[in-house]
Amino acid sequence: MAIIQLPKDFQWGVATAAYQIEGAYNEDGRGLSIWDTFSHTPGKVRNGDNGDIACDSYHRYKEDIKLMKELGVDIYRFSISWPRIFPTGRGPVNSKGLEFYHHFVDELIANGIEPMCTLYHWDLPQSLQDIGGWANREVVEAFVEYSTFIFKEFNGKIKKWITINEPWCISFLSNYEGKHAPGNHNLQLAVTISHHLLLAHGKAVKAFRNLGIEGEIGYAPNVEWIEPFSSKQEDQDACHRGMGIFIEWFFDPVFKGKYPDFMLDWFEQNGAVPEIQEGDMQMISQPIDFVGINFYTGSVGRYNKEAGLLEVEKINIGYQTTDIGWNIYPEGFYKVLNKINNQYGNIPIYITENGACYNDEVINGRVKDEGRIEYLKQHLTSIRRSIETGVNIKGYFAWSLLDNFEWAEGYDMRFGLVHINFHTLERTKKDSYYWYKKIVRNRWFEI
Ligand SMILES: CCOCCOc1ccc(-c2cn(C[C@@H]3NC[C@@H](O)[C@H]3O)nn2)cc1
């Protein structure tokens with residue numbers, strides 16, 4: 001057995017997102033989001049699930065904060081629902097929605113838990129989608145207005161800010177693959193949206209600096225590791241593209257002020273180019289204070305001309321998988337963290353999401369989720385290895401505090417440290433909750 005120790009000043013947290021846990025979708029003046037529309041469209045979400053009620057955290061947030069308090073976490077990553085603040089995306093403020101988030105943040109602080117706020121975690125106001133959504137540069141301006149309002153409202157209370165969560169999911173998964181809201185299938189649209197998301201991020205950072213808001217700001221891309229099947233150049237190049245759409249495409253503009261040529265060329269060969277205007281790249285590359293990294297899985301990849309847009313085939317070589325079918329690949333976590341560190345400098349990193357889907361149920365009042373504990377051990381070990389290699393990792397957020405609405409997979413796929421009975425909304429602490437509580441307290445574990 002080996003003892004794995006995390007630094008004393010390492011921040012321990014848990015993460016959620018508004019649409020996945022709040023419910024109260026039409027309460028107290030909240031406007032509709034694209035996920036209300038998408039989840040209410042037959043065939044889009046497993047079992048026809050939607051976020052109308054979810055974990056009912058809008059009403060039960062004090063109970064959830066008590067769970068965090070007992071867990072002993074230092075920090076809680078949550079998102080603000082844009083349509084709960086601006087029901088049509090811009091214009092009149094919904095005072096009840098704003099009041100909810102003030103009460104929520106005050107309760108966190110009163111319980112000694114630092115708030116980390118994600119401004120955009122996929123729930124675009126439907127009214128903005130009706131004018132083209134992120135494909136329309138007007139929506140970039142609306143995001144800056146929304147962000148500026150929130151910065152001013154919570155200045156001094158919230159000191160860690162994330163602009164955009166997982167821009168790959170918002171652009172390519174949602175507008176090329178069509179798997180998430182709004183469910184389009186158009187590469188040019190996806191590339192245009194990816195550019196506008198980065199522009200929105202940069203403009204929000206600029207506003208944050210100009211307003212003199214207290215604290216730190218970053219964004220939270222999701223990344224995967226794809227190990228080349230062989231040293232053949234075609235396999236290496238295929239995996240470079242497969243990772244490039246997550247890493248270089250969303251990191252180079254922010255940290256180097258330009259898109260990576262190998263991805264620009266590939267998209268252009270497929271008929272898509274980002275619509276870059278004068279000053280955009282300078283705005284996008286506003287210096288940030290940290291980068292949030294969301295990591296779940298990796299795979300082995302090889303060149304295959306028939307394997308979709310990037311011609312990289314992810315092959316199953318027998319890795320164990322979680323209940324959502326994703327490979328368990330902690331080695332890839334170590335590799336991707338070191339790749340980012342080597343390519344973009346020793347930028348402070350928060351692991352803003354990492355966790356495992358295991359759908360264990362409550363039996364005699366207990367949830368024995370050993371698989372999740374093992375996954376967390378392996379991935380926290382990769383974090384320790386990365387820190388010892390020189391990666392500046394400041395903290396870790398387990399995804400997620402609660403079982404919740406896992407987007408197109410609905411409620412069947414459970415990532416929580418706390419089990420939710422979605423009929424009664426009863427919360428049950430899983431074995432992994434007690435394990436994580438011990439790690440947060442001791443800052444070491446055996447593997
Ligand atoms: C192109 C292949 O298409 C198949 C499906 O492709 C994906 C890829 C990735 C995901 C995915 C889901 N999550 C977890 C969430 N992160 C944010 C938070 O809200 C969690 O709920 N991360 N990535 C889903 C589907």
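Residue indices follow the written sequence of each chain, beginning from 1 at its first position. For a predicted model such as this one, the threshold for reporting local features is a pLDDT of at least 70, and the threshold for listing and counting side-chain atom pairs is 80 or more; totals across whole chains, interfaces and linings nevertheless cover every residue. The basis for every side-chain value is the complete set of non-hydrogen atoms in the structure, without hydrogens or water.

**Here we look at the environment of Ser-57**
Cut-off, in case you're wondering: Per the convention used, a helix needs a DSSP run of H or I reaching at least four residues, while a strand needs a run of E reaching at least two, with both numbered from the N terminus. Relative accessibility decides the category of a residue: with a 1.4 Å probe and only protein chains considered, values under 20% of the type maximum give buried, values over 50% give exposed, and everything between is partly exposed. Residue contacts are counted whenever heavy atoms from the two residues lie within 4.5 Å of one another. Distance and chemistry together define a polar contact, namely a pair of N or O atoms within 3.5 Å, with one atom able to donate a hydrogen and the other to accept it when in protein, and with adjacent residues in sequence counting only for side-chain atoms on both sides.
With respect to the helices, strands and loops of the structure, Ser-57 is situated in helix α3 (residues 57-71). Classification of Ser-57 by relative accessible area gives buried; the value is 3%. Through-space distance from the C-alpha of Ser-57 to that of Asn-270 is 43 Å; in sequence the pair is 213 residues apart. Ignoring anything within four residues of it in the chain, the contact list for Ser-57 reads Ile-21, Glu-22, Asp-64, Phe-100, Leu-402 and Arg-427. Looking at Ser-57, its side chain comes within polar contact range of the side chain of Arg-427, at 3.4 Å.

**Some points on the UniProt feature "active site" (unreviewed entry) in the chain**
Quick reminder of the rule: UniProt positions are given in the numbering used here, feature names are shortened, and annotations may be inferred rather than shown by experiment. Buriedness of a pocket was judged along seven lines, with at least five required to meet protein on both sides within 12 Å; pockets are open sets of points on a 1 Å grid over the protein atoms alone, cavities are sets where a 1.4 Å probe fits but cannot get out, and lining residues have an atom within 4 Å of a point.
Summarizing the sequence annotation, UniProt attributes the feature "active site" (unreviewed entry) to Glu-166 and Glu-353 in the numbering used throughout. The largest pairwise C-alpha distance within this set of annotated residues, which runs over 188 residues, is 10.2 Å, so the set is compact in three dimensions. Lining the largest pocket, from the residues named above, are Glu-166 and Glu-353. Mapping Glu-166 onto the fold places it in the loop between β5 (160-165) and α8 (167-175). By relative accessible area, Glu-166 is classed as buried at 5%. Not counting the four nearest positions on each side in its chain, Glu-166 is found in contact with Trp-122, Ala-220, Pro-221, Asn-222, Asn-294, Tyr-296 and Glu-353.

**Remarks on the pairing of strand β10 (residues 349-354)**
The condition that has to hold: A pair of strands is considered paired only if DSSP assigns at least 2 bridges between the two. Crossover handedness is defined by viewing with both strands directed away from the observer: a clockwise path from the first strand over the helix to the second marks the crossover as right-handed.
Within β10, six of the six residues are buried, which leaves the element mostly enclosed by the surrounding structure. Looking at chain direction, strand β8 (residues 290-303) and β10 are connected through four bridges and run parallel. Along β10, the bridge assignment pairs Ile-293 with Ile-351. Pairing of β10 with strand β11 (residues 393-399) involves four bridges; the strand directions are parallel. Within β11, the residue paired with Ile-351 across the bridge is Tyr-396. Note on the crossover from β10 through helix α15 (residues 370-389) to β11: the handedness is right-handed.

**Remarks on the site of the ligand**
Under the convention used in this document: Proximity is defined per residue: if any heavy atom of the residue lies within 4 Å of a molecule or strand, that residue is considered near it. Using a 1.4 Å probe, accessible areas were evaluated by the Shrake-Rupley method; residue-level cover was limited to the displayed protein chains. Placement in a cavity or pocket follows one criterion, namely that more than half of the molecule's atoms lie within 2 Å of its grid points.
The local shell around the ligand holds 15 residues, among which Gln-20, His-121, Glu-353, Glu-406 and Trp-407 are the closest. Measuring from an oxygen atom of the ligand, one finds a side-chain N or O atom of His-121 at 2.9 Å. Between the ligand and Glu-406, the relevant distance is 2.7 Å, taken from an oxygen atom to a side-chain nitrogen or oxygen of the residue. Taken by itself the ligand offers 580 Å² of open surface, and the protein chains cover 79% of this. The cavity where the ligand resides is the largest pocket.

**Let's talk about the environment of Glu-306**
Its location among the elements puts Glu-306 in the loop between β8 and β9 (312-315). Classification of Glu-306 as exposed rests on a relative accessible area of 70%. With 81 residues separating them along the chain, Glu-306 and Trp-225 place their C-alpha atoms 21 Å apart.

**A few points about unusual backbone geometry**
Put simply, Ala-181 and Pro-182 share a cis peptide bond, and its omega is 10°. Locating Pro-182 in the fold gives a position in the loop between α8 and α9 (187-211). For the bond from Trp-399 to Ser-400, the omega torsion is 10°, close enough to zero to count as cis. In this structure, Asp-28 takes a positive phi of about 50° despite not being glycine.

**Thoughts on helix α12 (residues 261-269)**
What counts here: By arc we mean the arc of the directions from the helix axis to the C-beta atoms, nothing more.
Of the positions making up α12, those classed as buried are Met-263, Trp-266 and Phe-267. The arc that holds every buried residue of α12, seen down its axis, measures 95°, which confines them to one face. Of the exposed residues in α12, those oriented more than 90 degrees away from the buried face are Glu-268 and Gln-269. Looking one or two places after α12, you find Gly-271, whose phi comes out positive at around 85°.

**Re the nonpolar core**
Convention followed: Only buried residues count toward a nonpolar core. Its members are Ala, Val, Leu, Ile, Met, Phe, Trp, Tyr and Cys residues joined through side-chain atoms within 4.5 Å.
Counting 152 residues, the largest nonpolar core has Trp-134, Trp-161 and Tyr-436 as the members making the most contacts within it. In terms of residue count, α9 provides more of this core than any other element does, 11 residues in total. In contact with Tyr-436, other than residues within four places in its own chain, are Trp-12, Gly-13, Val-14, Leu-71, Val-73, Tyr-396, Ala-398 and Leu-417.

**Re empty space enclosed by the protein**
Cut-off, in case you're wondering: Grid points are joined across faces, edges and corners, and a volume is the space filled by probe spheres set on the points. Each residue is assigned to one of three groups, with Ala, Val, Leu, Ile, Met, Phe, Trp, Tyr, Cys and Pro labelled nonpolar, Asp, Glu, Lys and Arg labelled charged, and all others, Gly among them, labelled polar.
Counting across every chain of the model gives three cavities of 30 Å³ or more. Of the voids in this model, the largest cavity is the one considered here, and its volume is about 110 Å³. Lining of the largest cavity is provided by 15 residues; of these, Ile-21, Glu-22, Tyr-76, Phe-100 and Phe-104 occupy positions nearest its centre. Elements that contribute at least two residues to the lining of the largest cavity include exactly α1 (18-21), α3, β3 (75-79) and α5 (95-110). With four residues, the single largest contributor to the lining of the largest cavity is α3. Of the residues belonging to the lining of the largest cavity, the class tally is 10 nonpolar, three polar and two charged.

**Topic: the layout of surface pockets**
Put simply, the largest pocket is a space of about 1200 Å³. Residue assignment for the lining of the largest pocket shows that the elements contributing at least two residues are α8, β7 (222-228), β8 and β9. Sort the elements by how many residues they give to the lining of the largest pocket and β8 lands first, with five residues. Residue composition of the lining of the largest pocket, by class: 22 nonpolar, 13 polar and nine charged. Of the pockets and cavities examined, the second largest pocket occupies roughly 180 Å³. Every residue along the wall of the second largest pocket is listed here: Asn-47, Asp-49, Asn-359, Glu-361, Tyr-411, Asp-412, Arg-414, His-419, Asn-421, Phe-422 and His-423.

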